[in-house]
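Close look at the chain arrangement
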Amino acid sequence: MTVLKERINKRYNSARLSLVNQRLMMQQHQAAVAAIEVEKSQRTLFWLVIAGLTMLAGLFLRLYYLSSLRRRQERVIEADNEKSLRLEKQLIEEELDRAKGGLAEFMDNLSQKQSLIDTVTAQLAERSPPSLLLLPPNQTPRPARI
């Protein structure tokens, strides 16, 4: 009976040891699976952060490109405006010079006509009677009534 009891105890201890071994292996397996899951989630998080940073950098580069493009276009527009203002100023100056020339010519003609009027008036004054000289230049002499 002792031998039988020892065999049963041996089997029982062996089965218990096997069960403890299996539980230990299960725990090790679960720990390994959990470690793999953590590593997988960390890797996923890493790639999401990399993708986000890449998109953010792309966005900043695009904004910088658009900003520099706008500044270039503004400089071109300013240059065109400046050029058109210079041309407009040149045209106005040329027109002003022509107008000054025309005014000088008009003044010369006017002074020549005034000289001619003064000469004609002086000649008429020498030939006409003194009563006509007293009349203002806008009035004509009236014939005498009988």
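For the structure itself, consult the block above.
Residues numbered from 1 in each chain as written. Predicted model: local features only at pLDDT ≥ 70, side-chain atom pairs only at ≥ 80, totals over all residues. Heavy atoms only, no water.

1. Let's talk about the overall build of the protein
Counting secondary structure elements, the protein contains two helices and zero strands. Going through the 146 residues of the protein one by one, you find that 1% of them count as buried. Element-wise, carbon and sulfur atoms account for 62% of the exposed surface of the protein, whose accessible area totals about 14,400 Å². (Helix = DSSP H or I, 4+ residues; strand = E, 2+ residues; numbered from the N terminus. Buried < 20%, exposed > 50% of the residue type's maximum accessible area, 1.4 Å probe, protein only. Areas by Shrake-Rupley, 256 points an atom, 1.4 Å probe, with all protein chains shown as cover.)

2. Some words on the packing of aromatic side chains
Throughout the structure, instances matching the rule amount to one aromatic pair. With a centroid separation of 5.3 Å and 70° between ring planes, the pair formed by phenylalanine 46 and tryptophan 47 is classed as edge-to-face. With relative accessibility at 52%, the residue tryptophan 47 sits in the exposed group. (Phe/Tyr/Trp six-rings, centres within 6.5 Å; stacked < 30°, edge-to-face > 60°.)

3. Describing a nonpolar patch on the surface
Residues Leu45, Val49, Leu53, Leu56, Leu59, Phe60 and Leu63 make up a contiguous nonpolar surface patch of about 680 Å² in total accessible area. By the element assignment, leucine 56 lies in helix H1 (residues 2-127). (Patch = residues over 30% accessible without salt bridge, like charges linked within 9 Å, V, L, I, M, F, W, Y side chains within 5 Å. Salt bridge = Lys/Arg side-chain N within 4 Å of Asp/Glu carboxyl O.)

4. Side note on the pattern of salt bridges
One pass over the structure, following the stated rule, counts three salt bridges. Residues glutamate 82 and arginine 86 are paired through a salt bridge, measuring 3.5 Å at the closest nitrogen-oxygen approach. In this pair, glutamate 82 and arginine 86 are both assigned in helix H1, four residues apart and thus about one turn of the helix distant.

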